[in-house]
Amino acid sequence: LSPLLVEEMFALVQRINAEGLPVLLMEQNAVQTLAVAHRAYIIENGAVAMQGPAADLARDPELRRNYLGL
């Protein structure tokens, strides 16, 4: 998707969730996804590698190094 469409999609997901509807989002853009998620599951080779509150995972040094390239 173009960057503009990606931004629109994330805005829509946030709006839907703000209305109280749960959303299951499967996305490769981990940085942006963790910014809007309440809970996250990191799947590696078909298995859950990490899970927990999205804010905690976004601060996790292992996740930042292995998945976010930071």
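In this report, we go over the structure that sits alongside the text. (Residues numbered from 1 in each chain as written. Predicted model: local features only at pLDDT ≥ 70, side-chain atom pairs only at ≥ 80, totals over all residues. Heavy atoms only, no water.)

Let's talk about helix 1 (residues 3-18)
This is how the line gets drawn: In this text, helices come from DSSP runs of H or I with a minimum length of four residues, and strands from runs of E with a minimum of two, each type numbered from the N-terminal end. By this rule, a helix spans an expected 1.5 Å times one less than how many residues it contains. Accessibility here uses a 1.4 Å probe with only protein chains present; expressed as a share of the type maximum, an area under 20% marks a residue as buried, one over 50% as exposed, and anything in between as partly exposed. The arc under discussion is defined with respect to the helix axis, by the directions toward the C-beta atoms.
The end-to-end C-alpha distance of helix 1 is 23 Å, a good match for the 22 Å that 16 residues give at a rise of 1.5 Å each. Buried residues of helix 1: Val 6, Phe 10 and Val 13, and no others. Considered in projection along helix 1, the buried side chains sweep an arc of 60 degrees and stay on one side of the axis. Residues Leu 4 and Ala 18 are exposed on helix 1 and point more than 90 degrees away from its buried face.

A few points about the layout of surface pockets
We count it as follows: Definitions used for this entry: grid spacing 1 Å over protein atoms alone; cavity, a set of points where a 1.4 Å probe fits but cannot get out; pocket, an open set with protein on both sides within 12 Å along at least 5 of 7 lines; lining residue, one with an atom within 4 Å of a point. Grid points are joined across faces, edges and corners, and a volume is the space filled by probe spheres set on the points. Basically, the charged four are Asp, Glu, Lys and Arg, the nonpolar ten are Ala, Val, Leu, Ile, Met, Phe, Trp, Tyr, Cys and Pro, and anything else, Gly included, counts as polar.
Size it by volume and the largest pocket reaches roughly 670 Å³. Around the largest pocket, the lining is made up of 22 residues, and of these Leu 25, Thr 33, Arg 39, Ala 40 and Tyr 41 lie nearest the centre. Looking at the lining of the largest pocket, the elements that each hand over two or more residues are helix 1, helix 2 (30-36) and strand 1 (39-44). With five residues, strand 1 is the single largest residue contributor to the lining of the largest pocket. Residue classes in the lining of the largest pocket are distributed as 15 nonpolar, five polar and two charged.

Notes on a nonpolar patch on the surface
The line we're drawing: Put simply, a patch holds well-exposed residues, over 30% relative accessible area, that have no salt bridge, with like charges counted together within 9 Å and Val, Leu, Ile, Met, Phe, Trp or Tyr side chains within 5 Å. Under the convention used here, a 1.4 Å probe and the Shrake-Rupley method define accessible areas, while residue burial counts only the protein chains that appear. Salt bridges are defined by distance alone: a side-chain nitrogen of Lys or Arg within 4 Å of a carboxyl oxygen of Asp or Glu.
Taken together, the side chains of Leu 24, Met 26, Tyr 41, Ile 43 and Val 48 make up a nonpolar region of the molecular surface, amounting to roughly 610 Å² of accessible area. Its place among the elements puts Leu 24 in the loop between helix 1 and helix 2. Taking the relative accessible area as the measure of exposure, Leu 24 reaches 77% and is therefore exposed.

Let's talk about the pattern of salt bridges
Inspection of every chain in the model, using the stated rule, returns one salt bridge. With a shortest N-O distance of 2.7 Å, Arg 59 and Asp 56 are connected by a salt bridge. Of this pair, Arg 59 and Asp 56 both sit in helix 3 (residues 54-59), separated by three residues, roughly a single helical turn. A residue is classified by how much of its surface remains accessible, and Arg 59, at 56% relative accessible area, is exposed.

So, to be careful, I would describe these as geometric facts and stop short of saying anything about function.
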